Amino acid sequence: MNKKSYHFYAMASILCWSISYVLSRFIMGEFSAYSISFLRYIVASIALILLAPIIKLKKVEKQDLGWIFLTGAVGFFIYMIAFNKGLETVNAATGSVIIAAVPMISSILSSFIYKEKLTKLQWFASSLSFMGVLLITLLPGGFTINYGLIWFFGAAFCMSFYNLLSKRLVKKYAAIQVTTYSIFAGTILLSIFSVSSFQQVQQASWLAILCIVLMGVFSSAVAYICWAKAFERADNVASVSNYMYLTPFFTSILGFLLIDEVPGWSTVIGGLFILGGLVLFNSKLAKKSERVQFK
């Protein structure tokens, strides 16, 4: 199997996730954070059920059901609530910046849990990309500071743990199977908001409903399947999670294309740092340098 093939899947996930920041903010006036979370994943679950004959899911062993449920709880139930609660008071660009901390968190947690060793250059490259995130945040363009940031930091930790749990499960099961069952588990938990969600659907505009469908199919089902597939093919957690540094950059671009938000120089300059760090992290030179592990 070609290990480099994970790049396509990781990039597809990032593009799908980036658009969710903009669409979620766009429909906040018609749906609550809890309703967006449930409706997004009920759509994703329906899409996966329709694809079941093609996916050809196999039975999960009993001893792994707990891990599947935990992955669904962390990656879809808790994460989505924190994500959407954060977007209630934090703009899309700022939210994507906070979630971009996931690669650093994932790398550090992975070094403890999976004993994965990163090279000095890879740590430098990761820091370089995060510096780009800070530039997007601190240069003119604004950084919204409110309780929504706490929700987003919580979401970032949830995504980091989801990355680690997925890496563990895809060693035994196909990536699409892990993601599908985890989404089902998360949707079951989110169903506690089903009544109020369907009530809001009855009063929502067709455009808002369309946004929910798009996020359910692409930003949820497609994105997470590609994300799991990337982990299945990559050498380590950090190689895939580092792609999340691109999220603020793409979110700003999509914000410009969809809702006429013009990216500032902070996005341009920060984006160059992000891309530079990502290229360096995955370069042969970085992978051959001395490996270190934080303890």
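Structure first, text after, so check above.
These numbers were taken from a predicted model, which means no experiment stands behind them.

Undergrad: Explain the environment of Phe26 to me, and be specific about the residues and the numbers.
TA: Structurally, Phe26 can be placed in helix 1 (residues 6–26). In this structure, the C-alpha to C-alpha distance between Phe26 and Leu207, residues 181 residues apart in sequence, is 9.9 Å. Phe26 has contacts with Leu207 and Cys211, leaving out every residue within four places of it along the chain.

Undergrad: A description of empty space enclosed by the protein should follow, citing residues and the corresponding values.
TA: This model, assessed by the stated rule, comprises one cavity of 30 Å³ or more. Quantified by volume, the largest cavity comes out at close to 70 Å³. Counting only elements with at least two residues in the lining of the largest cavity, the list comes to helix 1 and helix 4 (62–87). For the lining of the largest cavity, the element with the most residues is helix 1, which contributes three residues. A per-class count over the lining of the largest cavity returns eight nonpolar, two polar and one charged.

Undergrad: Talk me through the pattern of salt bridges; I want residue IDs and the actual numbers.
TA: As enumerated under the stated definition, the model contains three salt bridges in all. Note that Lys172 and Glu61 form a salt bridge whose closest N and O atoms lie 2.8 Å from each other. One end of the pair, Lys172, is in the loop between helix 8 (148–169) and helix 9 (175–190); the other, Glu61, is in the loop between helix 3 (52–55) and helix 4, with 111 residues separating them in the sequence. The exposure class assigned to Lys172 is partly exposed, which follows from its relative accessible area of 40%. Classification of Glu61 by relative accessible area gives partly exposed; the value is 34%.

Undergrad: Got a sec to walk through the environment of Cys158? Specific residues and values, please.
TA: Tracing the chain through its elements places Cys158 in helix 8. In this structure the C-alpha to C-alpha distance between Cys158 and Gly75, which are 83 residues apart in sequence, comes to 6.2 Å.

Undergrad: For the packing of helix 2 (residues 33–50) against helix 10 (residues 194–203), give the residues involved together with the corresponding values.
TA: The relative placement of two packed helices is expressed as an angle between their axes plus a distance between the axes. At a minimum axis separation of 9 Å, helix 2 and helix 10 run at an interaxial angle of 90°. The orientation of helix 2 with respect to helix 10, classified from their angle, is roughly perpendicular. Along its contact with helix 2, which presents Tyr34, Ser35, Phe38 and Leu39, the element helix 10 presents Ser194, Ser196, Ser197, Phe198, Gln200 and Val201. Class assignment for the residues of the contact of helix 2 with helix 10 results in five nonpolar, five polar and no charged.

Undergrad: Would you mind going over the side chain of Ser24 in detail, with residue names and values included?
TA: With respect to the helices and strands, Ser24 occurs in helix 1. Using a relative accessible area of 0% as the deciding quantity, one classes Ser24 as buried. Of note is the side chain of Ser24, whose polar atom sits 2.8 Å from the backbone oxygen of Ser20.

What counts and what doesn't
Residues numbered from 1 in each chain as written. Predicted model: local features only at pLDDT ≥ 70, side-chain atom pairs only at ≥ 80, totals over all residues. Heavy atoms only, no water. Helix = DSSP H or I, 4+ residues; strand = E, 2+ residues; numbered from the N terminus. Contact = heavy atoms within 4.5 Å. 1 Å grid on protein atoms, 1.4 Å probe; cavity = no way out; pocket = protein on both sides within 12 Å on 5 of 7 lines; lining within 4 Å. Points joined across faces, edges and corners; volume = space filled by probe spheres on them. Nonpolar A, V, L, I, M, F, W, Y, C, P; charged D, E, K, R; others polar. Salt bridge = Lys/Arg side-chain N within 4 Å of Asp/Glu carboxyl O. Buried < 20%, exposed > 50% of the residue type's maximum accessible area, 1.4 Å probe, protein only. Axes fitted to C-alpha atoms, helices over the stretch in contact; angles between N-to-C directions. Parallel < 35°, antiparallel > 145°, perpendicular 65-115°, else oblique. Polar contact = N/O pair within 3.5 Å; in protein donor to acceptor, adjacent residues only side chain to side chain.

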